[in-house]
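Chain and residue survey
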Amino acid sequence: MYGADADATLLVFSRLIEAGICASDTGRPVGPLKTGVDLGTANIVLSVVDADNTPVTGATCPSTVVRDGIVVDYVGAVATVRRLKAELEERLGCELRCAGTAIPPGILAGNVKAIANVVEAAGFDVVDVSDEPTAAARVLGVRDGAVVDVGGGTTGISILRDGEVVFTDDEATGGTHMTLVLAGAHGISFEQAEVMKTDPAQSRDVFAVVRPVVEKMASIVNRCLKGYDVDTIYVVGGACSFDQFEEVFRKQTGRSVVKPAQPLLVTPLGIAMYGDVPAGAGR
């Protein structure tokens, strides 16, 4: 069940990324290390956990190599993942060999293969490919409810019952659409709007403009939940960082809405929390 432990884990992971350090000062990691590679629309994030799924280190880089779950710059994606991998290996003093990655729910098989190919070309053995909301559920400890991953290009929904995924869907609306609406409203470039959107000092004014996009997201989720007994919606992803986000979802869906600490990092961390590392794989 989601609670304070998940938030504490996310805050630790955030500090490790921001400081560019590993968690060796808190004790030797347990067992082989596991890596998660999140090829997001706005950022690429590498996460490293130990065998107990305790965060060890991580790194992130702004990127536009993926759009709506589709790799649009294969060479750039491989180069970025390879660079972040080398950075973390130097920090840890060991090779990172196995990795999991994730996809938005419902994308075509060819796009799934392309994402896995990026991770393999960067030097990893791909041992797990999850859908993004399910990866987020691992961090949150959610066994019943709906996990909504609001990314840059898409909003993914997974409904879980007794720990099993019973429904997934993905819709092409997310943070990028917020930025486009903001740019149009102010007559500015996409890049200027992106800076405005991510400025905490302008958060309230920005949300007043992008609120219709969030209402559309909530209506999509509400449609997906029809026929399912869901009491709580867990929202994750960078595009849900606005303070008023949960209120809109709560009003639109009539359900309890929970947003964890560091919502941008939930899915990247969950991607690394796949099953056991294959025998003989080392780190």
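Reading guide: rules and limits
Residues numbered from 1 in each chain as written. Predicted model: local features only at pLDDT ≥ 70, side-chain atom pairs only at ≥ 80, totals over all residues. Heavy atoms only, no water. Helix = DSSP H or I, 4+ residues; strand = E, 2+ residues; numbered from the N terminus. Rg over C-alpha atoms; globule rule 2.2 N^0.38 Å. Buried < 20%, exposed > 50% of the residue type's maximum accessible area, 1.4 Å probe, protein only. Contact = heavy atoms within 4.5 Å. Areas by Shrake-Rupley, 256 points an atom, 1.4 Å probe, with all protein chains shown as cover. Lys, Arg positive; Asp, Glu negative; His and termini not counted. Charge placed at Lys NZ, Arg CZ, Asp CG, Glu CD. Expected span 1.5 Å × (residues − 1). Arc of directions from axis to C-beta. Pairing = 2+ DSSP bridges. Axes fitted to C-alpha atoms, helices over the stretch in contact; angles between N-to-C directions. Parallel < 35°, antiparallel > 145°, perpendicular 65-115°, else oblique. Nonpolar A, V, L, I, M, F, W, Y, C, P; charged D, E, K, R; others polar.

Some details on the overall build of the chain
Check the secondary structure of the chain and you find nine helices and twelve strands. Over its C-alpha atoms the chain spans a radius of gyration of 18 Å, differing by no more than 12% from the 19 Å that the globule rule assigns to 283 residues. In the chain, buried positions account for 52% of the 283 residues. For the chain, long-range pairs separated by at least 24 residues make up 65% of all intrachain contacts whose partners lie at least 6 apart in sequence. On the chain, roughly 12,200 Å² of surface is accessible, and the fraction owed to carbon and sulfur atoms is 50%. Counting 24 positive and 36 negative side-chain charges, the chain places the averaged centre of each group 1 Å from the other.

A word on the side chain of Thr57
Tracing the chain through its elements places Thr57 in strand β3 (residues 55–62). Residue contacts for Thr57: discarding those within four places in its chain leaves Phe13, Leu16, Ile21, Cys22, Leu46, Ser47, Val48, Leu88, Arg91 and Leu92.

With respect to helix α1 (residues 4–19)
Between its first and last C-alpha atoms α1 spans 23 Å; for 16 residues at 1.5 Å apiece the expected length is 22 Å, and the two agree. Buried within α1 are the following residues: Ala6, Leu10, Phe13, Ser14, Leu16 and Ile17. Buried residues of α1, seen end-on, are gathered within an arc of 160° and therefore sit on one face of the element. Exposed residues pointing more than 90 degrees away from the buried face of α1 are listed as Ala4, Asp5 and Glu18. Positive phi shows up at Gly20, right after α1, with a value of about 65°.

Points about the pairing of β3
Among the eight residues in β3, six count as buried, and that is most of the element. Looking at chain direction, strand β2 (residues 43–49) and β3 are connected through seven bridges and run antiparallel. Across the sheet, the residue bridging to Ile44 is Cys61, located in β3. Connecting the antiparallel pair β2 and β3 is a turn made up of five residues, with Asn53 showing a positive phi of about 65°.

Some points on helix α5 (residues 175–186)
Its twelve residues place the ends of α5 17 Å apart at the C-alpha level, agreeing with the 16 Å of an ideal helix rising 1.5 Å per residue. Those residues of α5 that sit buried are Gly175, Met178, Thr179, Leu182 and Ala183. Summarising the axial view, the buried residues of α5 lie within an arc of 135°, below the 170-degree limit, and thus occupy one face. Along α5, the residues that are exposed and aim more than 90 degrees away from the buried face are Leu180, Gly184 and Ala185. Where the residues of α5 are buried, they touch α6 (190–197), α7 (203–225) and α8 (245–253). At the C-terminal side of α5, Gly187 shows a positive phi close to 65°.

What to know about the packing of helix α4 (residues 132–140) against helix α9 (residues 263–272)
The geometry of a pair of packed helices is captured by two quantities: the angle between their axes and the separation between those axes. Direction vectors running N to C along α4 and α9 enclose 85°, while the axes themselves pass 7 Å from each other. By the angle class used here, α4 and α9 are roughly perpendicular. Every residue of α9 that contacts α4 at Glu132, Ala135, Ala136, Arg138, Val139 and Leu140 is listed here: Val266, Thr267, Leu269, Gly270 and Ile271. Counted by class, the contact of α4 with α9 contains seven nonpolar, two polar and two charged residues.

Some thoughts on the sheet that holds β2
With respect to topology, five strands assemble into an open sheet ordered β3-β2-β1-β6-β7, the strand pairing being mixed. Of all strands in the sheet, those with a lone pairing partner are β3 and β7 (125–131), marking the two edges. Direction aside, the axes of adjacent strands within the sheet are offset by 20° on average. Running over the sheet, α1 touches β2 and β3 and is turned about 60° from β3. The strands touched by α4 are β1 (34–39), β6 (98–103) and β7; relative to β7, the strand with the most contacts, the crossing angle is about 95°.

Digging into the sheet that holds strand β11 (residues 232–236)
Reading across the sheet, the five strands line up as β10-β9-β8-β11-β12 and stay open at both edges, with mixed pairing between neighbours. Bordering the open sheet on either side are β10 (164–171) and β12 (256–258), each of which pairs with just one other strand. Within this sheet the neighbouring strands show an average axis-to-axis angle of 20°, counted without direction. Alignment of β11 against β12, held across three bridges, turns out to be parallel. Residue Tyr234 lies in a different strand from β12, and its bridge partner there is Val258. Where α7 meets the sheet, it contacts β8 (145–150), β9 (155–161), β10 and β11, and its direction lies at approximately 30° from that of β9.

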